[in-house]
Amino acid sequence: MISLTTKSILLTKPIKEMPKGLIYNHKNKDIYKLISLKDKKVVGEMRAYPIKNDKLYYKNEEKKDYIFHISSLDIFEKMRNQGWGEMFINFAKKESFNKNCNGKISLVAYNYEKSPHAFYRKQDFVTLDDKTNRILDEYVENHWIPFHWDAMEMYLPLDKINKPTVPILLKPENKFISAIKSFLELFKLC
């Protein structure tokens, strides 16, 4: 009699639910595009890249120490307040490890229309001033929106860095990514 043994053909756990969006990085570029799977449209862009660590808030003795710096994060106006910005920040936290920055992230919070400082504070970023951090905590707690704040340097404190267990960015050589890229090119999104 033949004995049949079954082995899982899946290398990873199956996805319980489809993500609401995908983040695509053009090869060898520092621009990331966030695409809504429902609408099949680009809903935002982020420009981020490693910079040499010369910041006092990330003291390290290593010579090749880097910070993943977000130079811009823009969610298109009609798509704001739907969780897309949080998706980008969570991605950046994981991408920081992929780019050998060990979870260290910095940015300059500024928008001339609607200040993003409270949003970044909600995502665990802090400013260089404790008084400003307390004010931002009050804004977050009361769901207030700061208007016309000056540009401020913010960073993710070391105690808020969580190393991801699974890398989120798949390399473009992956067949799955190539298939998605082909699919998206049909809609002229990339």
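Coordinates for the structure precede this section.
In this text the structure is predicted, and so the values were computed from the model without any measurement.

Enquirer: So what exactly am I meant to see when it comes to helix α1 (residues 84–98) here?
Expert: Because an α-helix completes one turn every 3.6 residues, residues spaced three or four positions apart along the sequence face the same direction. The end-to-end C-alpha distance of α1, which contains 15 residues, comes to 21 Å, matching closely the 21 Å that a straight helix rising 1.5 Å per residue would cover. Every buried residue of α1 is listed here: W84, G85, F88, I89, F91, A92, K93, E95, S96 and F97. Against the buried residues of α1 lie β1 (21–25), β2 (31–36), β3 (41–52), β4 (66–75), β5 (105–109) and α2 (117–122). Where α1 ends, the next residue or the one after it, N100, has phi of about 60°, a positive value.

Enquirer: Help me out: how do you make sense of the layout of surface pockets in this one?
Expert: Unfilled space is identified by rolling a water-sized probe across the atoms. The computed volume of the second largest pocket comes to approximately 880 Å³. Lining of the second largest pocket is provided by 32 residues; of these, N81, K114, S115, P116 and F119 occupy positions nearest its centre. Elements represented by at least two residues in the lining of the second largest pocket include exactly β4, α1, β5 and α2. Broken down by element, the lining of the second largest pocket gets its largest block of residues, six residues, from β4.

Enquirer: Sorry if this is basic, but what is going on with the nonpolar core here?
Expert: The nonpolar side chains of soluble globular proteins are, as a tendency, buried together. By size, the foremost hydrophobic cluster in this structure holds 36 residues, and its most contacted members are Y32, M46, I70, L73, F88, Y120 and F125. Looking at this core, the elements that each hand over two or more residues are β2, β3, β4, α1, β5, α2, α3 (130–142) and β7 (152–155). Residue contributions to this core peak at six residues, all from α1. Excluding residues that lie within four positions of it along the chain, L73 makes contacts with E45, M46, F88, I89 and Y120.

Enquirer: Explain the pairing of β7 here, please?
Expert: Consecutive side chains along a regular strand alternate between the two faces of the sheet. Summarising the sheet, β5 and β7 pair through four bridges and their orientation is antiparallel. Bridge assignment links A109 to a residue of β7, and that residue is M152. Relative to β7, strand β6 (residues 126–127) runs antiparallel, the two being bridged by two bridges. Across the sheet, residue V126 finds its bridge partner in β7, namely Y155.

Enquirer: Would you explain the sheet that holds β2 in this entry?
Expert: Hydrogen bonds along the backbone pair up the strands of a sheet, which may run parallel or antiparallel. Sheet architecture is open: seven strands sit in the order β1-β2-β3-β4-β5-β7-β6, paired in mixed fashion. If you trace the sheet from one side to the other, it starts and ends with β1 and β6, each paired once. Both β3 and β4 contribute to a ladder of nine bridges, which runs antiparallel. The partner of A48 across the bridge, within β4, is I70. Packing of α1 onto the sheet brings it into contact with β1, β2, β3, β4 and β5, and relative to β4 it is tilted by some 160°.

Enquirer: What am I meant to see in the pairing of β4 here?
Expert: One ladder, built from three bridges, connects β4 with β5; its direction is parallel. Looking at the pairing, H69 lines up with S106 of β5. Viewed along the sheet, the connection from β4 through α1 into β5 turns out right-handed.

Definitions and cut-offs
Along each chain, residues carry numbers from 1 onward, in the same order as the chain's sequence is written. At least 70 in pLDDT is required for a residue's local features to be given in this predicted model, at least 80 for side-chain atom pairs to be given and counted, and no such filter applies to totals for whole chains, interfaces and linings, which use all residues. Note that the side-chain values use all heavy atoms of the structure and ignore hydrogens as well as water. The way it works is that DSSP assigns letters per residue, a run of H or I at least four long becomes a helix, a run of E at least two long becomes a strand, and they are numbered from the N terminus. Given a helix with a known number of residues, its expected span is that number minus one, times 1.5 Å. Note on classification: 1.4 Å probe, protein chains only; a residue is buried when its accessible area is under 20% of the maximum for its type, exposed when over 50%, partly exposed between these limits. Between two residues, a contact is recorded if the distance between any of their heavy atoms is within 4.5 Å. Using only the protein atoms, space was sampled on a 1 Å grid; points where a 1.4 Å probe fits but cannot get out form cavities, open sets with protein on both sides within 12 Å along at least five of seven lines form pockets, and lining residues are those with an atom within 4 Å of a point. Grid points are joined across faces, edges and corners, and a volume is the space filled by probe spheres set on the points. Nine residue types can take part in a nonpolar core, namely buried Ala, Val, Leu, Ile, Met, Phe, Trp, Tyr and Cys, and a core is a set of them joined through side-chain atoms within 4.5 Å. By the convention used here, strands pair only if DSSP detects at least 2 bridges between them. Fitting a line to C-alpha atoms yields each axis, with helices limited to the stretch in contact; the angle taken between N-to-C directions then spans 0 to 180 degrees. Viewed with both strands pointing away, a crossover whose connecting path from the first strand over the helix to the second turns clockwise is right-handed.

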